[in-house]
Amino acid sequence: MERFAGEGARATLSEGAGGNAGASRVRWAHWKGNGCWACPACSIPFLKSDQRFTTLSLHDKFGRAISDLRISITDRCNYKCVYCRTGNEGALYGDLPFADYLRMARVLVGMGITKVRLTGGEPLLRKGVVNFVRELSCLRSAKPLDIALTTNGHLLADLAQPLKDAGLSRVTVSMDAVDPDNFTRITRVPGGYDHVLAGIRAAKRVGLGPVKVNCVLLRGFNEDQIIPFGMFAREEDVIVRFIEFMPLEEDRVWSPATVVTLDEILARMSEYRPVIEIAHARSETARRYRFDDGLGEFGIIAPVSHPFCGHCSRIRITSDGKIRTCLFSVWDHDLHAQMRRGATDEELAEFIRGVVQKKEERHHIGEPDFVPASRTMVHIGG
Ligand SMILES: C[S@@+](CC[C@H](N)C(=O)[O-])C[C@H]1O[C@@H](n2cnc3c(N)ncnc32)[C@H](O)[C@@H]1O
Ligand code: SF4
């Protein structure tokens, strides 16, 4: 059985049909054998005549390589975080059968996506998520596909081992306070803290690391949690990542004054212990820091005070199958509608390529011309 192995394998590819414009860019890989090299029992249907298309990579018109796909598998959630949901709205957009997300992912992986992150809403609310991870892990890509998950952690303790066994690489858990009362005030669901902590510990235990813990700081709610989170990172051996609050909430409570900025977080954390910046990859959203004694790491994702749009490598698929090229997009691109009308894989690839060309250069948070995104975070997938 032949395995796709990057440059070496590309030499064996032949030009294939991809439409006039696509013919120069879309190539076909011919596969021998009848099963997935990663998982012989794999049930993913092969393309007609055993073909896989691939490309050198996917770029937008600003030259940014698009390698990172986020798929929201539901816009339902069991928490009502004050910075995210009103608590009155439920799911607005519904979701698709996993087979549809899998096809989208397969096409995109064939186009150069190397990381897939499952998110929501709360992705662990979807029955069948473990099997979906297993099927994703069977996708062929130029290098092993990195499959990650962002979850509120409420249901993670029991699912960590099955997810790991299915092929999940790592997990990010959102947790906005390290004391149960503050946590409940933010999530507006009583009793969640112990579940989430158990989820984080289970993820570490089964090897879904490095486990990252995301914390959105919201002035008036949890800015007092900066140092406690520094201690938490050290005690629990997880990477805490503070995220600046963005205007993507259902309640429209955002104002510049509600944002606890990178500079403020760093200044506060330095009162606890000296911190040292660690080098980070250009495409990494978080600036990374460690403490002077080498124990504990944290990051700060600062899209508001230090935007990183110039290095953005992401596109997103919403739970109802729309592509979003930016969190702050004011429109979506209906990939699922293409599938419903019977588009072939190569037609989907051409559609995606066209959409990626429309990726926004940057966001306009805090500027006079800022136009709110057409969806809020819980309905996009963070
Ligand atoms: C939308 S949630 C979906 C996954 C899961 N429910 C969770 O909370 O991890 C993904 C991430 O977006 C973050 N988030 C939600 N609303 C945000 C906002 N307005 N600004 C910044 N981050 C936000 C959450 O804290 C979480 O880390
Ligand atoms: S941040 Fe995540 S857990 Fe909290 S309400 Fe939004 S989607 Fe739900």
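This write-up is about the structure you can find in this document.

Procedures and definitions
- Residues numbered from 1 in each chain as written.
- Chains lettered and ligands numbered in written order.
- Predicted model: local features only at pLDDT ≥ 70, side-chain atom pairs only at ≥ 80, totals over all residues.
- Buried ≥ 20, exposed ≤ 12 C-beta atoms within 10 Å, placed from the backbone.
- Helix = DSSP H or I, 4+ residues; strand = E, 2+ residues; numbered from the N terminus.
- Pairing = 2+ DSSP bridges.
- Right-handed = clockwise from strand over helix to strand, strands pointing away.
- Near = placed C-beta within 6 Å.
- Nonpolar A, V, L, I, M, F, W, Y, C, P; charged D, E, K, R; others polar.

## Details of the pairing of strand β9 (residues 239–244)
- The buried fraction of β9 is high, at five of six residues.
- Across six bridges, the pairing between strand β8 (residues 212–217) and β9 is parallel. Pairing of V216 across the sheet is with I243, part of β9.
- What joins β8 to β9 is helix α8 (residues 226–236), and the crossover it makes is right-handed.

## Regarding the site of ligand 1
- Around ligand 1, a shell composed of 20 residues is seen, among which S174, N214, M246, M377 and G382 lie nearest.
- Listing elements by their share of the shell around ligand 1, those giving two or more residues are β6 (146–151), β8 and α12 (377–380).
- Each residue belonging to the shell around ligand 1 can be placed in one class, and the counts come to ten nonpolar, eight polar and two charged.

## Thoughts on the environment of S255
- Within the secondary structure, S255 sits in the loop between β9 and α9 (262–272).
- Residue S255 is classed as exposed on the basis of its 11 C-beta neighbours within 10 Å.
- Here the alpha-carbon distance between S255 and G366, two residues 111 residues apart in the chain, equals 8.2 Å.

## Here we look at the site of ligand 2
- In the neighbourhood of ligand 2, the contacting residues comprise C77, Y79, K80, C81, C84, R85, G120, G121, E122, N152, S174 and V378.
- For the shell around ligand 2, the per-class residue count stands at five nonpolar, four polar and three charged.

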